[in-house]
Amino acid sequence: MKPIPYTKHSIDQSDIDAVISVLQSDFLTQGPKPAEFERELAACCGSKYAVVFSNGTAALHGAYFAAGLGAGDEFITAPLTFAATVNAGVYLGATPVLCDISMKDYTIDQERVWRHVTDRAKAIVPVAYAGYPIDLKALREKAAAEGITVILDAAHALGATVNGEPISKHADMTMLSFHPAKHVATGEGGAVLTDNKAYYDKLMMFRTHGITKEALPEEQGAWYYEMRELGFNYRLTDIQCALGISQLKKLDASLKRRKEIADRYKAGLSDLNWLTLPPEPSDGGHAWHLYPVLVTEKTGRRRFFDYLRANGISPQVHYIPVHYMPYYRESFKTGDFPNAEDFYEREVSLPMFPALTDDEQGYVIDVIKRYKP
Ligand SMILES: *Cc1c(COP(=O)(O)O)cnc(C)c1O
């Protein structure tokens, strides 16, 4: 039997048909599908604009570029994230500043973050870890007053809502990923959501080499275009966008199933005093990309992780803090982010994906209950 993974994409016949129809059409890339996917994404997330990118990391790179990040600027994010959140700002020569997480929601500590803000700070980048619906309203108001852009890394949080509103509502830009581990799969893929036309224009230009056909001199011929910024080729193909459009139709059902799985873990595991289940706001809205549990220090994460693997379950650990990565070790000190470090020592991500069957989840719960901490 194959081990039960921590995540898995779901592809059905309608997804396959959507991809095949593009393969039989006139455009594999630069056709009509990206704009169609962008309209659907913007509508689904309640944003004015969506710009799709070849992956989530490229989308972050674009968002940081649109925010004007460059050498000498600082951006502040949490160490509990995938390295790309930090890397994409470093690509532009900006300096990453880390701020510890709050154990209340496992995302950046919104009070502590102001201690890290200097007059070089250009962006604050909260990460909606596991899909937790973080409320950014107060942070965004204060940031706007200081001239700082709020960019939300919502790679985990497509479909998350705060007080019934999309999580992207109180960020200047919101990044999404369509890696198959995430809610909507396009193979590789990403997007930035925004309500701001100026950011939108920059994102569009950045995605295609910095080239534009807007506001060109009138005397030029129809072939003419200008490259005005140093952009990249970060386009998403029509093949991938067709898959994304088809996948997005199933987002509501997939969020509902994720919530059922989270509720069942809660019912089955909340009695175990050696295990801490993930926080959840009372009014819901969680997107449940991950189901992160914490063992007690005494129990030991390694033994629990290996026990699950020995029993046909393939959990994962999210994340090794960014400042532990050899590339960043000289920039940060171990011990400076006690919450993220403690979290890393104790975290295991249990299987969480819509296609997880009731039998499989029941088995995972039984295996965990039999564990002798
Ligand atoms: C997946 C992910 C990214 C990067 O997205 P890609 O599409 O893989 O480039 C960035 N941040 C977080 C938190 C992620 O989980």
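Note on numbering: residues in each chain are counted from 1, in written sequence order. Thresholds applied to this predicted model are a pLDDT of at least 70 for local features of residues and 80 or more for the giving and counting of side-chain atom pairs; totals over whole chains, interfaces and linings are not thresholded and use all residues. With hydrogens and water excluded, all non-hydrogen atoms of the structure serve as input to the side-chain values.

**Describing the environment of His-9**
Strands are runs of DSSP state E lasting at least two residues, helices are runs of H or I lasting at least four, and both sets are numbered from the N terminus onward. Relative to the assigned elements, His-9 resides in the loop between strand 1 (4-5) and helix 1 (13-23). For the pair His-9 and Gly-268, spaced 259 residues apart in sequence, the C-alpha separation works out to 25 Å. Every residue in contact with His-9, bar those within four places of it in the chain, is listed here: Pro-180 and Ala-185. For this analysis, residues touch if any pair of their heavy atoms sits within 4.5 Å.

**Looking at the nonpolar core**
Side-chain atoms within 4.5 Å link the members of a nonpolar core, which is a set of buried Ala, Val, Leu, Ile, Met, Phe, Trp, Tyr and Cys residues. Relative accessibility thresholds used throughout: buried, under 20% of the residue-type maximum; exposed, over 50%; partly exposed, between the two (1.4 Å probe, protein chains only). If you look at the biggest cluster of nonpolar residues, it comprises 89 residues, and the most contacted ones within it are Phe-37, Leu-41, Phe-53, Tyr-64 and Met-173. Counting contributing residues, this core receives three or more from each of domain 1 (4-248) and domain 2 (251-370). If we ignore the near neighbours within four places in the chain, the residues touching Phe-53 are Ala-58, Ala-59, Gly-62, Gly-189, Gly-190, Ala-191, Val-192, Leu-203, Phe-206, Arg-207, Tyr-234 and Leu-236. Listed in part, the 30 residues of the second largest apolar core include Leu-272, Trp-288, Val-348 and Leu-350. Segment limits for the domains were obtained from an automatic or database-derived domain assignment.

**Here we look at the domain arrangement of the chain**
Domain boundaries in the chain define domain 1 (4-248) and domain 2 (251-370). The partner domain 2 presents 52 residues to the 42 residues of domain 1 that form the contact. Of the roughly 3,700 Å² buried at the junction of domain 1 and domain 2 (both faces included), carbon and sulfur atoms supply 65%. Buried area is understood as the total, over both parts, of accessible area removed when two parts are fitted together, assessed with a 1.4 Å probe. Together, Ile-4, Tyr-6 and Tyr-106 form the three largest contributors to the area buried by domain 1 at its contact with domain 2, with a combined 23%.

**Side note on the site of the ligand**
Taken together, 15 residues lie around the ligand, and Gly-56, Thr-57, Asp-153, Ser-177 and Lys-182 are the ones closest in. Asp-153 places a polar side-chain atom, nitrogen or oxygen, 2.8 Å from a nitrogen atom of the ligand. Polar contact is defined as a pair of N or O atoms within 3.5 Å, subject to the rule that within protein one atom must be able to donate a hydrogen and the other to accept it, and that residues adjacent in sequence are counted only when both atoms are side-chain atoms. Note that an oxygen atom of the ligand is positioned 2.9 Å from one of the side-chain N or O atoms of Lys-182. Mapped by element, the contributors of at least two residues to the shell around the ligand are helix 3 (56-66) and strand 9 (173-177). Amino acid classes used here: Ala, Val, Leu, Ile, Met, Phe, Trp, Tyr, Cys and Pro are nonpolar; Asp, Glu, Lys and Arg are charged; the rest, including Gly, are polar. For the shell around the ligand, the class distribution of residues is 5 nonpolar, 8 polar and 2 charged. Any residue with a heavy atom lying within 4 Å of a molecule or strand is counted as near it.

**Regarding the sheet that holds strand 16 (residues 347-350)**
Two strands make a pair as long as DSSP finds a minimum of two bridges between them. Read across the open sheet, the 3 strands follow the order 13-14-16; overall the sheet is antiparallel. Strands at the two margins of the open sheet, each flanked by one partner only, are strand 13 (275-276) and strand 16. As defined by bridge partners, strand 13 adjoins strand 14 (residues 291-295) across 2 bridges and the pair is classed as antiparallel. Bridging across to strand 14, Leu-275 finds its partner in Val-295. Working convention: axes come from line fits to C-alpha atoms, limited for helices to the stretch in contact. Angles between N-to-C directions cover 0 to 180 degrees. Those strands touched by helix 8 (residues 251-269) are strand 13, strand 14 and strand 16, and its axis lies near 20° from that of strand 14.

**Comments concerning the environment of Glu-38**
Within the secondary structure, Glu-38 is located in helix 2 (residues 33-45). Judged by its relative accessible area of 8%, Glu-38 is buried. Along the chain, Glu-38 and Asp-201 lie 163 residues apart, while their C-alpha atoms are 14 Å from each other. Contact partners of Glu-38, with chain neighbours within four places excluded, come to Ala-50, Val-51, Val-52 and Arg-207. Here Val-52 takes part through its backbone nitrogen, which lies 2.8 Å from a polar atom of the side chain of Glu-38.

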